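# Tertiary structure, described
The primary structure of each chain is shown beneath.
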Amino acid sequence: MTKKTAKAPAKKTSAKQQAPEAEPAPQAPSESGPGGKIGKTQLVEQVAQQSGLPKKQAGQVVDAAMEVIIDAIKSGKSVGLPGLGTLSVKATAARTGVRPGTSERIQIPAGKKVAFKVANTLKGTLGGTGDAAE
């Protein structure tokens with residue numbers, strides 16, 4: 001029993017050593033590769049570089065901008081972001097849906113959703129009409 005107990009932790013330790021090596025690899029391409037995601041940290045760093053502000057102040061600017069945008073959307077206002085697009089609140093109608101597991105018909109109530117319309121200038125720079133994205 002002692003030998004089995006000694007072998008099991010050794011396997012777990014080697015598995016733990018392999019897992020951290022596998023995690024950083026997918027993160028690196030997403031930051032630099034096309035179609036990757038820019039997180040808040042990278043956004044703050046880029047704002048700091050382009051504005052000349054320290055990272056702490058750039059972080060406060062990004063947070064304040066996000067807070068203003070979220071508050072405007074919550075109050076039902078549209079938010080235009082020049083060169084990027086417009087965020088707005090759209091009403092959704094009540095509708096009948098189908099529950100995937102049971103094929104049971106359910107009534108989905110009316111609600112609201114956030115919609116984003118891409119600016120024409122951005123559509124033009126991407127080289128497409130933008131119809132497929134909408």
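Reading guide: rules and limits
Residue positions are counted from 1 within each chain, in the order its sequence is given. At least 70 in pLDDT is required for a residue's local features to be given in this predicted model, at least 80 for side-chain atom pairs to be given and counted, and no such filter applies to totals for whole chains, interfaces and linings, which use all residues. Excluding hydrogens and water, the side-chain figures rest on all heavy atoms present in the structure. Within this document, salt bridges are pairs made up of a side-chain nitrogen of Lys or Arg and a carboxyl oxygen of Asp or Glu, the two lying within 4 Å of each other. Joining through side-chain atoms within 4.5 Å is the link that ties buried Ala, Val, Leu, Ile, Met, Phe, Trp, Tyr and Cys residues into a set, and such a set is a nonpolar core. Remark: exposure states derive from per-residue accessible area (1.4 Å probe, protein chains only) relative to the maximum for the residue type, with buried under 20%, exposed over 50%, and partly exposed in between. Elements are defined by DSSP. Helices are runs of H or I of four residues or more, strands are runs of E of two residues or more, and each kind is numbered from the N terminus. A contact between two residues is defined here by any heavy atoms of the two lying within 4.5 Å. Between any two strands, at least two bridges found by DSSP are needed for them to pair. Each axis is a line fitted through C-alpha atoms, and for a helix only the stretch in contact is used; angles between axes span 0 to 180 degrees, taken between their N-to-C directions. Patches in this entry comprise residues that are over 30% relatively accessible and not in a salt bridge; like charges within 9 Å are linked, as are nonpolar side chains (Val, Leu, Ile, Met, Phe, Trp, Tyr) within 5 Å. What sets the accessible areas is the Shrake-Rupley method with a 1.4 Å probe; for residues, cover comes only from the shown protein chains. Take the far helix as your reference; a near helix turned counterclockwise from it by less than a right angle gives a left-handed crossing, and one turned clockwise gives a right-handed crossing. Gly counts as polar in this scheme, as do all residues outside two lists: the nonpolar Ala, Val, Leu, Ile, Met, Phe, Trp, Tyr, Cys and Pro, and the charged Asp, Glu, Lys and Arg.

With that settled, consider the pattern of salt bridges. Close approach of charged atoms allows side chains of opposite charge to pair. In the structure shown here, the tally under the stated rule is three salt bridges. In this structure, Arg 99 engages Glu 104 in a salt bridge whose closest nitrogen and oxygen atoms are separated by 3.8 Å.

What follows concerns the nonpolar core. The biggest cluster of nonpolar side chains holds five residues, and these are Ile 69, Ala 72, Ile 73, Val 79 and Leu 87. For this core, the element with the most residues is helix α4 (residues 55-74), which contributes three residues. If near-sequence neighbours (up to four positions away) are discounted, Leu 87 is found in contact with Ile 69, Ile 73, Lys 77, Ser 78, Val 79, Leu 81, Val 114, Ala 115 and Phe 116.

Now for the environment of Lys 77. Secondary-structure assignment places Lys 77 in the loop between α4 and β1 (79-81). Judged by its relative accessible area of 53%, Lys 77 falls in the exposed class.

Turning our eyes to something else, we now look at the sheet that holds strand β2 (residues 85-92). Across the sheet, which stays open at both edges, the three strands sit in the order β1-β2-β5 with antiparallel pairing between neighbours. Because the sheet does not close on itself, it has two edges, and the strands there are β1 and β5 (111-118). Strand-to-strand twist across the sheet, computed as the mean angle between neighbouring axes with direction ignored, equals 30°. Examined bridge by bridge, β1 and β2 share three bridges and lie antiparallel to one another. Bridge pairing in β2 links Val 79 to Leu 87. Strands in contact with α4 are β1, β2 and β5; relative to β1, the strand with the most contacts, it is inclined by about 140°.

Following the sequence through the fold, Lys 117 ends up in strand β5. Measuring from C-alpha to C-alpha, the distance between Lys 117 and Gly 80 comes to 9.5 Å, with 37 residues separating the pair along the chain. The contacts of Lys 117, once residues within four sequence positions are left out, are Leu 84, Gly 85 and Thr 86.

What follows is about a nonpolar patch on the surface. Together, Ile 38, Leu 43, Met 66 and Ile 70 make up an exposed nonpolar region whose accessible area comes to about 340 Å². For Met 66, the position within the fold is in helix α4.

It is the contact of helix α3 (residues 40-51) with α4, at a shortest axis distance of 8 Å, that shows an interaxial angle of 115°. In the packing of α3 onto α4, the handedness of the crossing is right-handed. Across from Lys 40, Leu 43, Val 44, Glu 45, Val 47 and Ala 48 in α3, the residues of α4 making contact are Lys 55, Ala 58, Gly 59, Val 62 and Asp 63. The residue inventory of the contact of α3 with α4, partitioned by class, reads six nonpolar, one polar and four charged.

Structural measurements only, silent on function.
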